[in-house]
Structures are given as C-alpha cells and as structure tokens.
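# A look at the structure
These are the residues of each chain, in order.
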Amino acid sequence: MSKLKETLAKQIPQLRQERKDIIDKWGEHVVGEVTVEQLFGGMRGIKSVVCDTSVVEPDDGVIIRGIPIAKLQDRLPEEILWLMLTGKLPSADELKDLQTDLKNRTSVPAYVFKLIDELPDDTHPMTLLNTAILGMQRESKFAKAYMEGLSKTDHWQAVLEDSLNLIAGITSIAAYVYHRKYRKGSPWQPDQSSDWAGSFARMLQISKTEEFEKMMRLYMTLHADHEGGNVSAFTCQVAASALADPYYSVSAGLNGLAGPLHGLANQESLRFLLEMQREVGERPSDDAVRKYVWDLLNAKRVIPGYGHAVLRSTDPRFVALYDFGSKRFAKDPLFDLMARCYRLVPEILLEQGKVKSPYPNVDAGSGVILWHYGLKQFDYYTVLFSVSRALGMLAQTILNRALMTPILRPKSVSTAMVQTEINKSFATHVSESVNAASHLSDPQNQVWHQHGFVEERPSAAPAPH
Ligand code: CMX
C-alpha cells in the first residue's frame, strides 16, 4: 500500500467521526442567510459547501491547509497534493513514495491519443484535453467497482486509484494536445528522472532551460486549488456527488474552467496585452494605456485578469508570478506592459466604480511568463491551468468520497416565489409599522423609544392605582 493511501486510511475514520459529531451536535446551528441579491447575483458569498483542501480569504488569497500560498511557492505540486489530502506537508520519504507511485502510473491508453487526433485542427486545446479525459473514462476503476457493488465506505479507495492515474496521465495528455495542435507530433515520453511538473515541462519541448522547469513547478503549485466555490471546483464536486467517477467529474469541472470569466482569462489576458501593443505600440505611454483600457470598458468589455468574486486585494499568486518574472526579465517589453497595467488598471477600474475588486488575479501575469519562455500559443494556456487544477479538484473529490458527502442538490426558486416571499415580508413589515405607529402615538412610549427601551416596556402597562 502506498504511504499516501496508508496515511488516508488512518485519518479517515476520525474525520468521519468528527463530521458526524458536528452534524449531531450542531446540525441546527445557523451559519448564514441568503438575500435576494445573492439569489440573483450568482450565489456570491453564500456558504453552501464544505471544502477542506483550501480556503480563499479576501485579503490574503488562497490558504492551503492553514498555509498561505506565498509560503508554499517553493514546494512541488506533489507536496501540495499531499498537503491538500492529509493536512500536512509530506516527509522526504512520503514525497518520494508518492512520486514513485505517480511515475508507475504514467501510461495512457493509445485510443486516448487517437481520439485527440480525430478532432479537427482548429479545435480549441481545452476541447482536445477535456475530450481525451472524458474518453479515458472507460479506464475508471471506481465505475467498474461501483457496478460490482463496492461498499460506500470504500468508494474513496477506488476514487483515489482513478485520481492518481489521472494525475499521472494528464501531463502526457496535455503534452500530446500541445504537439498535436502546434507541432504535429514530435516524439516524447514522460521523463522518469524528473518530478511531475519537471517531466511535463520537458515533454512540451519548448525550452530546455532549468528556468523553464522551475517556472512550470511554480505555475503548477500556484494554480492547484482555490477552495470549493469556484466554477471548476464546484462543477466537479456537483458531478462527483452523483458518484460520477473522477474522469467524468474532472472533465465537467474543466469545461467550466474553459470559460473566459474563469480559467480562460489567462489566454484572454495575454491577448489583451498583445492587442494593446499592436494598437498603441510596444512601449506605450501611460495615457495611451489608460485610453485603451477605458475604450474597452466603454465598449462593455471586461479587462481580463482583473477583479475577483472573493479576493479583495492583489492575488498573491499574481505577486508570486510577477516576482518570478521581474527578477529575470523585467525589461521584456511585454512584461513591462503587464507591470504598467498592474499600476494603472486598478485605478481605472476604481474610477469606473463598478468592480468590487480592481486588483489583478492570477491570470493577469501568467501569460507573459509563458510567452517569454517561448510558449506563445496562448490558446493553450488554460490547458496548463487545467493540469494543475486537476490536483485540487481530485483532492476535493477523494475527500468528499472519504467523508461520504451526499449528492449536492440545493433548492432553486422561481422569480414568482421570490416575489411572494418579498410580498409576505412587506405585508408583515407594514402591519408591524402600523402597530408601532399606534404604539408610538402614546407619548410615554415615545420617551421609551427615544431611549432605546422599546422592547423592555410592557406593551400593556398596568393601570395606575
Ligand atoms: N473588467 C470590467 N468589468 C468588470 C471586471 C473587469 N475585470 N470585473 C468585474 N467587472 C464588472 C462585472 O462584469 C460587473 O458588471 P455588471 O454590474 O455590469 O454586471 C461589475 O463589475 C461587478 O462585478 P464584481 O462583483 O466586481 O465581480 P463578479 O464577482 O461578478 O465577477 C469576475 C468576478 C472574476 C468574473 C470578474 O471580475 C471578471 O469578469 N474579471 C475578468 C475576467 C477574469 O479575470 N476572470 C478570472 C478570475 C480568476 C479565475 O477564476 O481564474
């Protein structure tokens, strides 16, 4: 048994008991309420699912098992996976065991690559990736075991198997997508002498420098998880809660990541910078940048890479990538333009007065770094995000199956139902106001009210003797 499985097998009974105790003791405790604005506003801020792999704090960004991402940036993605699953960073032995386990699982069936070959040349790389993952579903150990009557308490073990196979194989699939789409198939194999992200960097065959591999490790570590409420994580968990296996669930999540308001923003962010350069020159003045940004906003377009549904300050993942680039190629014109946007765009968004957060998110900076190293096909960038985010989605899925989280099924309401609720509370409010008004016509009550004693005074004061 692998050390990871052994560690989880030890922890899971206690985690199950803890969850049961919380529900038994505090099941009725209220942790939030829902406003009409939240209902119509994309459920923003509604506490609705539990996710223990990480939390996102508005001012501090993503915190993985209590450790802020800034303090994890020198860690390997495999270490982040272990941390998300077990709550602790692995020892050297544990890390080696996990890496060996992943290396033993890198083979991907040939039909998966053929499936990618079958799609037309102009298919988006995210479609190639997601189709391949979905196609690989027939390999699912969980789906087979479930059909054979696997006990619910053991679901997590088969899900762990699928998850590790998918994590080990996704780098080969993503590299194949790259070569199929842009290089027409140079031969390559996973590099067993390297770590997970290093091997992936080598398979892409873009830059043979150590710096490129270092960048890839950082990239994979930074993008691994962003709690449970974002589109990809949430979509993945909704699918997985119906006991769709990890291939189905991750493919579902990644289809959400492919949206321009989520993971595709990294491709869009680079496109935004290149188009700006094309229009206003390689090293434009601040005023030219301001005008370009205002023109986009006035055309009711978004500035990709800026704003966030939860964060209310500069994303520490952006800062980590920014620092990486500024130490190495600050004078690169595209890096300089990105840095200028970092300085100018927040003040423009603030002046426009619509966004809740004018600061850059992770997608504002990643493309410039990839571009610098020669990965210039920017419609591929979300595939890189996906390879990393598979770690978080799968860690969440394993934990949810370990804790036997039930099928996710929140209640939807119709607009008419919301209106009825509003009318009911309006009617109650009016009748309370009428009562309060007649109550306040009594001069003595007005004195009690002014002093804030309304509740304390008995409504029917005893008649004086
Ligand atoms: N440029 C222009 N307008 C923006 C904006 C931006 N970067 N960010 C938000 N707004 C607009 C919203 O569209 C919304 O407009 P309306 O009132 O007309 O609908 C208004 O400002 C208020 O939005 P918000 O509450 O601040 O932001 P949301 O929580 O609704 O949306 C997000 C968050 C990320 C979708 C949004 O900021 C955005 O579209 N950003 C650009 C795309 C992007 O970078 N996405 C990546 C996010 C990180 C990730 O998931 O990878």
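Predicted model, so just to flag it, every value in this text is computed and none were measured. Every chain begins its residue count from 1, and numbering advances along the sequence as written. Predicted model: local features are reported for residues with pLDDT of at least 70 only, side-chain atom pairs are reported and counted for 80 or more only, and whole-chain, interface and lining totals are derived from all residues. Heavy atoms from the whole structure form the basis of all side-chain values; hydrogens and water molecules are not counted.

### Description of the overall build of the protein chain
Secondary structure counts use DSSP, requiring at least four H or I residues in a row for a helix and at least two E residues in a row for a strand, with both numbered from the N terminus. Scanning the protein chain from N- to C-terminus turns up 20 helices and three strands. Only protein chains enter the accessibility calculation, which uses a 1.4 Å probe; a residue is then buried when its area is under 20% of its type maximum, exposed when over 50%, and partly exposed in between. The burial tally for the protein chain puts 46% of its 465 residues in the buried class. As presented, the protein chain carries roughly 23300 Å² of accessible surface, and 55% of it is formed by carbon and sulfur atoms. Here the positive residues are Lys and Arg and the negative ones are Asp and Glu; neither His nor the chain ends is included. Throughout, a charge is located at the NZ atom of Lys, the CZ atom of Arg, the CG atom of Asp or the CD atom of Glu. Looking at charge distribution, the protein chain has the averaged site of its 52 positive side-chain charges lying 3 Å from that of its 55 negative ones. For the accessible areas, the method is Shrake-Rupley and the probe is 1.4 Å, while residue cover comes only from the protein chains on display.

### Side note on empty space enclosed by the protein
Here a cavity denotes a set of grid points, spaced 1 Å apart and computed over the protein atoms alone, in which a 1.4 Å probe fits but from which it cannot get out, and a pocket denotes an open set meeting protein on both sides within 12 Å along at least five of seven lines; residues with an atom within 4 Å of a point are reported as lining. Grid points are joined across faces, edges and corners, and a volume is the space filled by probe spheres set on the points. Here the structure, examined in full by the defined rule, presents four cavities of 30 Å³ or more. Taken as a whole, the largest cavity spans an internal volume of roughly 120 Å³. As for the largest cavity, its lining consists of 15 residues, and the residues nearest its centre are K103, T106, D195, W196 and S199. Those elements giving two or more residues to the lining of the largest cavity turn out to be α4 (92–103), α8 (155–183) and α9 (196–204).

### With respect to the pattern of salt bridges
Salt bridge, as used here: a side-chain nitrogen of Lys or Arg that lies within 4 Å of a carboxyl oxygen of Asp or Glu. Overall, the coordinates contain 23 salt bridges when judged by the stated rule. K291 serves as the salt-bridge partner of D295, at 2.8 Å between the closest nitrogen and oxygen. Here D295 and its partner K291 are both found in helix α14 (residues 286–298), four residues apart, which amounts to about one turn of the helix. Its salt-bridge partner being E421, residue K424 comes within 3.8 Å of it at the nearest N-O pair. With K424 and E421 both in helix α19 (residues 415–440) and three residues apart, the pair spans about one turn of that helix.

### Topic: the packing of aromatic side chains
Stacked, tilted and edge-to-face are the three classes applied to pairs of Phe, Tyr and Trp rings, where Trp contributes its six-membered ring and a pair requires centres within 6.5 Å; stacked means planes under 30 degrees apart, edge-to-face means over 60, and tilted covers the rest. In total, this model carries 13 aromatic pairs according to the counting rule given. Ring centres of F318 and Y322 lie 5.7 Å apart, and the angle between their planes is 35°; this geometry places the pair in the tilted category. Here F318 and its partner Y322 are both found in helix α15 (residues 316–329), four residues apart, which amounts to about one turn of the helix. Exposure remark for F318: the relative accessible area of 0% places this residue in the buried category. Taking 4.7 Å as the distance between ring centres and 70° as the angle between the ring planes, the aromatic pair formed by F318 and Y342 counts as edge-to-face. Here the residue F318 occupies a position in helix α15, and Y342 occupies one in helix α16 (residues 333–352), the gap between them amounting to 24 residues. A residue is classified by how much of its surface remains accessible, and Y342, at 27% relative accessible area, is partly exposed. A network of ring pairs unites the aromatic residues F212, F318, Y322, F329, F335, Y342 and Y373 as a single cluster. Charges are assigned to positions over rings by a cutoff of 6 Å between ring centre and Lys NZ or Arg CZ, combined with an angular limit of 35 degrees from the ring normal. Positioned above the aromatic ring of F324, the side-chain terminus of R328 is 3.7 Å from the ring centre.

### Let's talk about helix α10 (residues 210–222)
One less than the number of residues in a helix, times 1.5 Å, gives the span that helix is expected to have. With 13 residues, α10 extends 18 Å between its outermost C-alpha atoms, agreeing within 8% with the 18 Å of an ideal straight helix rising 1.5 Å per residue. Residues of α10 that are buried make contact with α3 (77–86), α9, α13 (265–280), α15, α17 (366–372) and α18 (381–402). The contact definition used throughout considers only heavy atoms, calling two residues in contact when any of these lie within 4.5 Å.

### What to know about the site of the ligand
Think of it this way: one heavy atom of a residue within 4 Å of a molecule or strand is enough to make that residue near it. Close to the ligand lie 20 residues, the nearest being L261, H262, G305, K356 and D363. Two N or O atoms form a polar contact when they lie within 3.5 Å of each other; inside protein one atom must be a possible hydrogen donor and the other a possible acceptor, and for residues adjacent in sequence the pair counts only when both atoms belong to side chains. Interatomic distance of 2.9 Å between a side-chain N/O atom of R44 and an oxygen atom of the ligand. Here I303 contributes a backbone N or O atom positioned 2.9 Å from a nitrogen atom of the ligand. Residue polarity is assigned by list, with Asp, Glu, Lys and Arg as charged and Ala, Val, Leu, Ile, Met, Phe, Trp, Tyr, Cys and Pro as nonpolar; anything else, Gly included, falls into the polar class. Considered class by class, the residues forming the shell around the ligand number ten nonpolar, five polar and five charged.

### Focus on the confidence of the model for the protein chain
The quantity called pLDDT is the predictor's confidence in a given residue, expressed from 0 to 100. Residues with a pLDDT of 70 or more make up 93% of the protein chain, whose mean pLDDT is 93. Across residues 447–465, confidence stays below pLDDT 50; counting only partners more than four residues off in sequence or on other chains, it has ten contacts.

### Brief notes about unusual backbone geometry
Although it is not a glycine, R65 sits at a positive phi angle of roughly 45°. Tracing the backbone through its elements, the reader meets R65 in the loop between β2 (61–64) and β3 (67–68). What makes R65 partly exposed here is its relative accessible area of 27%. With a phi angle near 65°, L243 is a residue other than glycine that sits in the positive phi range. Tracing the sequence through the fold places L243 in the loop between α11 (231–241) and α12 (246–257).

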